Each structure stands twice: as structure tokens, then as C-alpha cells.
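Given next are the chains, with one letter for each unit.
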Amino acid sequence: MIVLGIESSCDDTAAAVVVDGREIRSNVASSQAELHARYGGIVPELASRSHIQQIVPVVRAALSAADLALPEIDAIAVTSGPGLAGSLIVGLNMAKGLAIASGKTLIGVNHLQGHAYAGWLYDSSSGDPTPGAPEELHGFPLLCLVVSGGHTDLALLKAHGEFERVGRTRDDAAGEAFDKAARLMGLGYPGGPVIQKIAERGGPSDPLPRAWIPGTWDFSFSGLKTAVLHRARAEGIYPAPEEGPDSEAVAALARSFQEAVADVIATKTARAAEEFGVQGIVIGGGVAANSALREALSDRASVPVMSPPPALCTDNGAMIAAAAFHYLERGDRSGVDLDVTPGLTIEEAPSTPTAASI
Ligand code: KG4
Ligand code: ZN
């Protein structure tokens, strides 16, 4: 089954062609990071305007890189939530238009479930032998850790498409914490990649507090953000002095921050895997690209950890097409009345299948 996946929930306009939920034929993305960098975060109006400009060329590029025309595609998948309403609408209307014009099946996808399904993807042009799918290698249930700019969720995947959330952040998402900490250190947006780079410079780290929230699988990062603010003030990093902050002090703070986030997430995820008796852990979302987190998790976990390559951790169209394959396999379809659901959680179906299926 050949699926075109479209993603526009946040600040990446992306489209991809994926075969049978696993084999990437093309994966194209246009990032808006530069557009939002000067504001230190995403400006929703600018995001939707940029999606409008990028969506047609990005979808065209994905089809042409896969060497396919629309009639050769079996279904059109699109993120319908969660995300920014104005951004989601652009991808959704593109997908609806294509589905109506071509008579192809339309399917709405839960973005967070998409992040989990990035663990199933492989690139057919890489020359590597086809890897086994997580459920073929290890069986169900699997534990999914989705750590992105807007969400931090731990969910059990009991069977394809059947997610049960067991933990979540009570305040900031892990990616949001990276972005806010980076802003305090004057490092720009998005914060994750730049903090990782600076933290790699080495130097001693001075432990920051960790919120363990015992007895739950929930997370909290707002206290850590406050601790970063206090440390940044004490070290003369924030507000930034005219000559700029001491780069060694910034590197040490970046490292201490990253260690605190990686430690809590990896430790709680590994413990949850034991508690729920899962066969493996699948990670996804922008923060899952973080090398310190990946290392900490593989050190602590007693079951196999499947980590998509960093490029597939951040938002992309391939993960949307991958999740859609499993929805379609069980007979789900979306109708022309498919709408955006900005507040969708990882457990929820992206849309109620209706009789008005295309
Ligand atoms: O999944 P994603 O691309 O978009 C959302 O659905 O939110 O995640 C974006 C988030 C940003 O907060 C960014 O700072 C973070 O992922 N991120 C990272 C890394 N790469 C991206 N955080 C830590 N380390 C990284 N290497
Ligand atoms: Zn995402």
C-alpha cells in the first residue's frame, strides 16, 4: 500500500511517500526554524502563512522524488491533530483537495501516534538490509516515549493503533523546556539541537534538581526551568551582559540542564518498561533526537530500545504515512468532514470515521 503523508501541525511543512508503513520512498520537509528564530518560539500566524506558501511545492517534491504520480498512490494521510489550528488546516485542506480531485482514500492521523510510528520506518535507498519491525522483533505491548516540543507522553502500544497513555508532563513538554532554557542562555531557537551541541563541549556539570513525582509515570519540567533561570542569573548569563556571557559557564549550564532532562526521562521510562512488562521501547519526537537521552535510555533499559534516526524524530511526513498504514489496515477511513483537533491526545482517534468517506 502506497501512502502519501502530509504534515503541517507546527513549523515544518512536510510530505512523504511510504510503502506498507515502513519503506520510505521520499521524505521532503521545509523547515520554518529560521522564520521563527528571532522570536525565540513559534509565531502561529507566521507559521500558517508559510505553510500556505510551502505546501504545494513540498507535496509535488515528495511525489516527484518517489517517481510517482497521484494516480499511483493508494491513500492520502494527513495530520489532523494535535497542533496549531491554523497550521493543521493548511495540510488538511491540501489533503482533502487532493483526495477529492483524485478519488483517493483520505485518512486523518494523530500526530503523536505518528511520532511513535517513526520507529517502523527505514530508507529503501540506504542500501541496508530491511530491518525487522518492532512488533515482529519483540511483540506487543511496546512502550512508546513521545518527547516533542508540545508533548511528553509515555504510552503503551498494545496492538497497532491501540495506545494507552500511562504518563505525561504536568506542565512544560521536554522540548519546550529545551527551548526555554536555550532562550535564557541566549542560544536561540530551536533550543534542543544547540543545547546538545554546546553540552558536548564538555566541562564539569553542576547537578540541577530533578522532579521525580514518585508513584506516577508523569513528568514535570517547569521547576527545572526556574532552576536554570536562577543559575543563569547567578552566573551572569541572564540577562546577557553586553560583551556576551562566559561561554564556559553557558556550556556547563547547558550540560547540567541536558543531564537533568535525560536522567529523569530515561530513568522513568526504563522503570515503566519493567513495571508494564513490555517487549521493547520505541522513542519518537524531536527530543528523542537528543544523544544524551538516547545514551541514558539504552544504558538503563532492560528491554530493546528502538530509536529512529534523529532526522525521523523531528516532524516529518513519513511518520504520518506510517501510522496511516495501520489505520487503513484495520479499515479506518476519513470523510470530507474531517476536521482539525488541536487538543488531540495520544490515545484518541484522529477523527470519527463517517459514512461520508471519500
Ligand atoms: O517533534 P518536533 O519536531 O515538533 C513537535 O511536534 O513539537 O519537536 C520539536 C522539539 C523542539 O522543542 C526542539 O528544541 C526539540 O524538539 N529538539 C531537540 C533536539 N532536536 C529537536 N531537543 C533536544 N535535543 C535535540 N537534539
Ligand atoms: Zn511533532
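Residues numbered from 1 in each chain as written. Chains lettered and ligands numbered in written order. Predicted model: local features only at pLDDT ≥ 70, side-chain atom pairs only at ≥ 80, totals over all residues. Heavy atoms only, no water.

**Brief notes about the coordination of the zinc ion (ligand 2)**
Line of reasoning, step 1. Of the protein atoms, only His111 (NE2), His115 (NE2) and Asp315 (OD) coordinate the zinc ion (ligand 2), at distances of 2.0 to 2.1 Å.
Line of reasoning, step 2. Because the angles between the four donor atoms bound to the zinc ion (ligand 2) fall within 96 to 143 degrees, the donor set is best described as irregular.
Line of reasoning, step 3. Taken in chain order, the donor set of the zinc ion (ligand 2) reads H-x3-H-x199-D. Taken together, the residues span a long stretch of sequence, with histidine 115 in helix α4 (residues 111-117) and aspartate 315 in the loop between α11 (310-313) and α12 (317-329) at a distance of 200 residues. The exposure classification of histidine 115 matches that of aspartate 315, with both residues buried. (Donors = N, O, S within 2.8 Å, 3.2 Å for Na, K, Ca; no water. Tetrahedral: all angles 85-135°; square planar, octahedral: opposite > 155°, others 65-115°. Helix = DSSP H or I, 4+ residues; strand = E, 2+ residues; numbered from the N terminus. Buried < 20%, exposed > 50% of the residue type's maximum accessible area, 1.4 Å probe, protein only.)

**A short note on helix α6 (residues 174-184)**
Line of reasoning, step 1. α6 sits mainly inside the fold: eight of its eleven residues count as buried.
Line of reasoning, step 2. For α6, every residue scored as buried is listed here: Ala174, Gly175, Ala177, Phe178, Asp179, Ala181, Ala182 and Leu184.
Line of reasoning, step 3. Positive phi shows up at glycine 186, right after α6, with a value of about 70 degrees.

**Here we look at the side chain of serine 9**
Line of reasoning, step 1. Tracing the backbone through its elements, the reader meets serine 9 in the loop between β1 (2-7) and β2 (12-19).
Line of reasoning, step 2. In this structure the side chain of serine 9 is engaged in a polar contact, spanning 3.4 Å, whose partner is the side chain of histidine 111.
Line of reasoning, step 3. Residue contacts for serine 9: discarding those within four places in its chain leaves Thr79, Pro82, Gly83, Leu84, Ser87, Leu88, His111 and Asp315. (Polar contact = N/O pair within 3.5 Å; in protein donor to acceptor, adjacent residues only side chain to side chain. Contact = heavy atoms within 4.5 Å.)

**A closer look at the sheet that holds strand β5 (residues 105-110)**
Line of reasoning, step 1. Here six strands make up an open sheet; going across it, the order is β5-β4-β1-β2-β3-β6 and the pairing mixed. At either margin of the open sheet sits one strand with a lone partner, and together these are β5 and β6 (122-123).
Line of reasoning, step 2. Direction of pairing for strand β3 (residues 23-31) relative to β6: parallel, over a ladder of two bridges. Bridge pairing in β6 places isoleucine 24 opposite aspartate 123.
Line of reasoning, step 3. Of the strands in this sheet, β1, β2 and β3 are in contact with helix α2 (residues 44-65), which crosses β2 at around 20 degrees. (Pairing = 2+ DSSP bridges. Axes fitted to C-alpha atoms, helices over the stretch in contact; angles between N-to-C directions.)

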